[in-house]
Amino acid sequence: MLANAMVKLKGSLSCITYNGAQHTHIQIDETDAAAKLKKVTLTAPNGDWFSFDPDEGRKCKHIHQRCNAVVMSPLLAIDGHDHHRACDCVVVLNRGGQLTLVYIDLKSGNPVGYAGQFKSARQFVRYALGLLEEFHQEKLAITEERYVILHGGKSPLLNKTTSIPKFEKMGKSKPDAAYKREVTNPARLYLKELLS
């Protein structure tokens, strides 16, 4: 079940993909035809969490079929700036009013050029939380943010699994120094692997 503040925050976003009241997984899809890594599924228990796709949220098709503008803000339509970028998935976990945010991006090969995507998505989340507090009098504090690049897309020839990363490595990730993990295509991971 989602807490009231999480329900209100979820309702303010047009690009929700999954939520812990209804789902036990999060599927992240890459729509680029040239991408080698097309699909990652995160297994997650029911709980007070939801995921959204900020990259899709920048598009207007979710609200008005005939609109070609961006949904988040016309400011995001300015070409040539990092703030017109977004990562593939943000997972928002509520632990008693304390939020853990996991920003995830899928990359096919050598993962580069992701810092702007993470920074833009991070600022959007902070803006949404500010609106939640200002207009709904609901405060959710961010206590932890993690930045994860899942890359690769190799076929699963060997059934070899990567060990769970140490907390120190995961906890110290930043937009320009994200935790990187090579996965197969398609990939299935447990969300808790990204929270350890």
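None of these values were measured; they are calculated from a predicted model.

Draft legend 1. Local environment of the overall build of the protein. In terms of helices and strands, the protein carries 4 helices and 9 strands. Mapped in sequence order, the helices and strands of the protein form the string α-β-β-β-β-α-β-β-α-β-α-β-β. Here the protein holds 196 residues, and 46% of them are scored as buried. Considering only contacts in the protein between residues 6 or more positions apart, those separated by 24 or more positions represent 70%. Just so you have it, the protein exposes about 10800 Å², and 52% of that area is on carbon and sulfur atoms.

Draft legend 2. Representation of the nonpolar core. In terms of nonpolar packing, the biggest core is built from 26 residues, with Leu 9, Phe 52, Val 90, Val 92, Tyr 103, Phe 118 and Leu 140 touching the most fellow members. Among the elements of the structure, α1 (4–11), β4 (49–52), β5 (89–95), β6 (98–107), α3 (115–136) and β7 (141–154) are those that each provide at least two residues to this core. Here the element with the most residues in this core is α3; it accounts for 7 residues. Those residues in contact with Phe 118 that sit more than four places away from it in its chain are Cys 87, Tyr 103, Ile 104, Asp 105, Tyr 147, Val 148, Ile 149, Pro 175 and Ala 178. Residues Tyr 18, Ile 28, Val 91 and Val 183 belong to the second largest nonpolar core, which totals 23 residues.

Draft legend 3. Representation of the sheet that holds strand β9 (residues 187–190) within the structure. Taking strand neighbours across the sheet as the criterion, the 3 strands line up as β2-β3-β9 in an open arrangement whose pairing is mixed. This sheet does not close on itself; its edge strands, each paired only once, are β2 (25–29) and β9. Ignoring strand direction, the axes of neighbouring strands in this sheet form an average angle of 20°. Examined bridge by bridge, β2 and strand β3 (residues 39–43) share 5 bridges and lie antiparallel to one another. Within β3, the position partnered with Asp 29 by the bridge is Lys 39.

Draft legend 4. Molecular detail of the pattern of salt bridges. Counted under the stated rule, the structure contains 6 salt bridges. With a closest N to O distance of 3.3 Å, Lys 107 and Asp 105 form a salt bridge. A relative accessible area of 1% places Asp 105 in the buried class. Across the pair Glu 145 and Arg 126 runs a salt bridge whose closest N-O atoms are separated by 3.0 Å. Placement of the pair is Glu 145 in strand β7 and Arg 126 in helix α3, with a sequence separation of 19 residues.

Draft legend 5. Representation of the packing of aromatic side chains in the model. Taken as a whole, this structure holds 5 aromatic pairs when the rule is applied. When the centroid spacing of 6.5 Å and the interplanar angle of 45° are considered together, the rings of Phe 50 and Phe 52 count as tilted. Residues Tyr 103 and Tyr 147 carry aromatic rings whose centres are separated by 4.9 Å and whose planes lie at 5° to one another, so their mutual orientation is stacked. Separated by 44 residues along the polypeptide, Tyr 103 in strand β6 and Tyr 147 in strand β7 bring together distant segments of the chain. Overall, Tyr 103 belongs to the buried group, its relative accessible area being 0%. Overall, the relative accessible area of 2% leaves Tyr 147 in the buried class.

Reading the values: the criteria
- Residues numbered from 1 in each chain as written.
- Predicted model: local features only at pLDDT ≥ 70, side-chain atom pairs only at ≥ 80, totals over all residues.
- Heavy atoms only, no water.
- Helix = DSSP H or I, 4+ residues; strand = E, 2+ residues; numbered from the N terminus.
- Buried < 20%, exposed > 50% of the residue type's maximum accessible area, 1.4 Å probe, protein only.
- Contact = heavy atoms within 4.5 Å.
- Areas by Shrake-Rupley, 256 points an atom, 1.4 Å probe, with all protein chains shown as cover.
- Core = buried A, V, L, I, M, F, W, Y, C linked by side-chain atoms within 4.5 Å.
- Pairing = 2+ DSSP bridges.
- Axes fitted to C-alpha atoms, helices over the stretch in contact; angles between N-to-C directions.
- Salt bridge = Lys/Arg side-chain N within 4 Å of Asp/Glu carboxyl O.
- Phe/Tyr/Trp six-rings, centres within 6.5 Å; stacked < 30°, edge-to-face > 60°.

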